[in-house]
Amino acid sequence: MAAETPPQDLLGVTPFLDYDHPVVREFVGRALDGTERTLTDKAVSLYYAVRDKLHYEVYGAALSRDGLKASAIIERGRGFCVHKSIVYAAVCRAAGVPSRIALTDVRNHLASPRLRELVGGDVFRFHALNSVYLNGKWVRATPVFTKLLCRLYGITPLEFDGSADSMSHPYDSKGRRYMEFLHDYGDFDDFPYELVVEGIRSAHPALFASRYETAGGSLVAEAADETGESGQSGLRAA
């Protein structure tokens, strides 16, 4: 675990945070567009790039070692919290911001009926987010759910200013219970592959279509079916 690692030692390339890869470098370059920025400005810009430029999708997600490298995730253009947190940790380090991956268990009250069935309820093991070191302190950031998905599920998108923790709201926009944090595993220097992937597979076996890929489907389509709203037109922008 990374809690004892000095921030200055959390800037390096790792097997999963492969920001030396051209694909990751290009993603960072587009997000920061070459302008002079503070480290906080960089972390905030990269937060929104990861949140809204990578599509959030729990279905058809790659969970092999190669598929969970930041470069592979960016090339695929989508993934769920684990994938997006890996990318955010990598791009922050590329920009000079010390970063870690944080892992928790959560209860998600607004999961679709099909996802609840595949997961086996509303408790999700190994929900991932990030910790970044800015202005002398660690803050948590959750660059996970896109604006489109939040709109379809009636959730207020999480914002991040680099000074305060950005974590999932306990209630949705209508006052219904949304997400509860049940257990915090702490923060990790690199993605702990065996712990997370084997942990998810053990807790949620029906979620897997094969050993290294989750079942097919679309969260956007499931949400649109429930609300009667078409999400496909905004999918590319989400």
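Whatever comes next refers back to the structure up there.
Residues numbered from 1 in each chain as written. Predicted model: local features only at pLDDT ≥ 70, side-chain atom pairs only at ≥ 80, totals over all residues. Heavy atoms only, no water.

## Some remarks on the overall build of the protein
Stage number 1. Check the secondary structure of the protein and you find eight helices and eight strands.
Stage number 2. Against the compact-globule benchmark of 18 Å for 238 residues, the protein has a radius of gyration of 17 Å, which places it among compact chains.
Stage number 3. With the C-alpha coordinates of the protein rotated into their principal frame, the extents come out at 45 × 35 × 30 Å.
Stage number 4. Here the protein holds 238 residues, and the buried ones make up 55% of them.
Stage number 5. Long-range contacts, defined here as pairs at least 24 residues apart, represent 69% of the contacts in the protein between residues at least 6 apart. (Helix = DSSP H or I, 4+ residues; strand = E, 2+ residues; numbered from the N terminus. Rg over C-alpha atoms; globule rule 2.2 N^0.38 Å. Buried < 20%, exposed > 50% of the residue type's maximum accessible area, 1.4 Å probe, protein only. Contact = heavy atoms within 4.5 Å.)

## Focus on the sheet that holds strand E3 (residues 99-108)
Stage number 1. The antiparallel open sheet is built from four strands, whose spatial order is E5-E4-E3-E6. This sheet does not close on itself; its edge strands, each paired only once, are strand E5 (137-141) and strand E6 (179-188). This sheet shows a mean twist of 30 degrees between the axes of neighbouring strands, independent of strand direction.
Stage number 2. Bridging between E3 and E6 involves eight bridges; their strand directions are antiparallel. Within E6, the residue paired with Asn108 across the bridge is Met179. (Pairing = 2+ DSSP bridges. Axes fitted to C-alpha atoms, helices over the stretch in contact; angles between N-to-C directions.)

## Some thoughts on the pairing of E5
Stage number 1. Sheet analysis places strand E4 (residues 123-134) next to E5, joined by five bridges and oriented antiparallel. Bridging across to E5, Asn130 finds its partner in Ala141.
Stage number 2. Joining the antiparallel neighbours E4 and E5 is a turn of two residues, in which Asn135 adopts a positive phi near 50 degrees.

## Some words on the packing of aromatic side chains
Any two aromatic rings considered together are summarised by their centre-to-centre distance and by the angle between their planes.
Stage number 1. Overall, the coordinates contain 10 aromatic pairs when judged by the stated rule.
Stage number 2. Between Phe16 and Phe191, the aromatic rings sit 5.5 Å apart at their centres with planes inclined by 80 degrees, giving edge-to-face as the arrangement. Highlighted residues: Phe16 in the segment before helix H1 (22-32) and Phe191 in the loop between E6 and helix H7 (193-203), separated in sequence by 175 residues. Here the two residues Phe16 and Phe191 agree in accessibility, since each one is buried.
Stage number 3. Here Tyr47 and Phe160 contribute two aromatic rings whose centre-to-centre distance is 5.1 Å and whose plane-to-plane angle is 35 degrees, an arrangement assigned as tilted. Remark: Phe160 occurs in the loop between helix H6 (147-153) and E6 and Tyr47 occurs in helix H2 (residues 39-53); sequence separation between them is 113 residues. For the pair shown, Tyr47 and Phe160 are each scored as buried.
Stage number 4. Connected via pairs of aromatic rings, a cluster forms that spans Tyr47, Tyr48, Tyr88 and Phe160.
Stage number 5. Directly above the aromatic system of Trp138 lies the positively charged group of Arg100, at a separation of 3.7 Å from the ring centroid. (Phe/Tyr/Trp six-rings, centres within 6.5 Å; stacked < 30°, edge-to-face > 60°. Lys NZ or Arg CZ within 6 Å of the ring centre and 35° of its normal.)

## Examining the state of the cysteines
Stage number 1. Scanning all chains against the criterion turns up zero disulfides.
Stage number 2. Cysteine Cys81 shares no disulfide, and the gap to the nearest cysteine sulfur, in Cys150, comes to 13 Å. (Disulfide = S-S within 2.5 Å.)

## A closer look at helix H4 (residues 81-94)
Stage number 1. Between its first and last C-alpha atoms H4 spans 20 Å; for 14 residues at 1.5 Å apiece the expected length is 20 Å, and the two agree.
Stage number 2. When you tally the buried positions in H4, you get 14 out of 14 residues, the bulk of the element.
Stage number 3. Where H4 terminates, the next one or two residues include Gly96, which has phi positive at roughly 90 degrees. (Expected span 1.5 Å × (residues − 1).)

## So, the pattern of salt bridges
Stage number 1. According to the stated counting rule, one finds 16 salt bridges in the structure shown.
Stage number 2. The partner of Asp52 in a salt bridge is Arg51, with the nearest N and O atoms 2.7 Å apart.
Stage number 3. Look at Asp52 and you get buried, because its relative accessible area is 10%.
Stage number 4. When the shortest N-O distance is used, the salt bridge between Asp122 and Arg116 registers 3.8 Å.
Stage number 5. With relative accessibility at 18%, the residue Asp122 sits in the buried group.
Stage number 6. What you see here is one network of salt bridges that share partners, running through Arg100, Arg140, Asp184 and Asp187. (Salt bridge = Lys/Arg side-chain N within 4 Å of Asp/Glu carboxyl O.)

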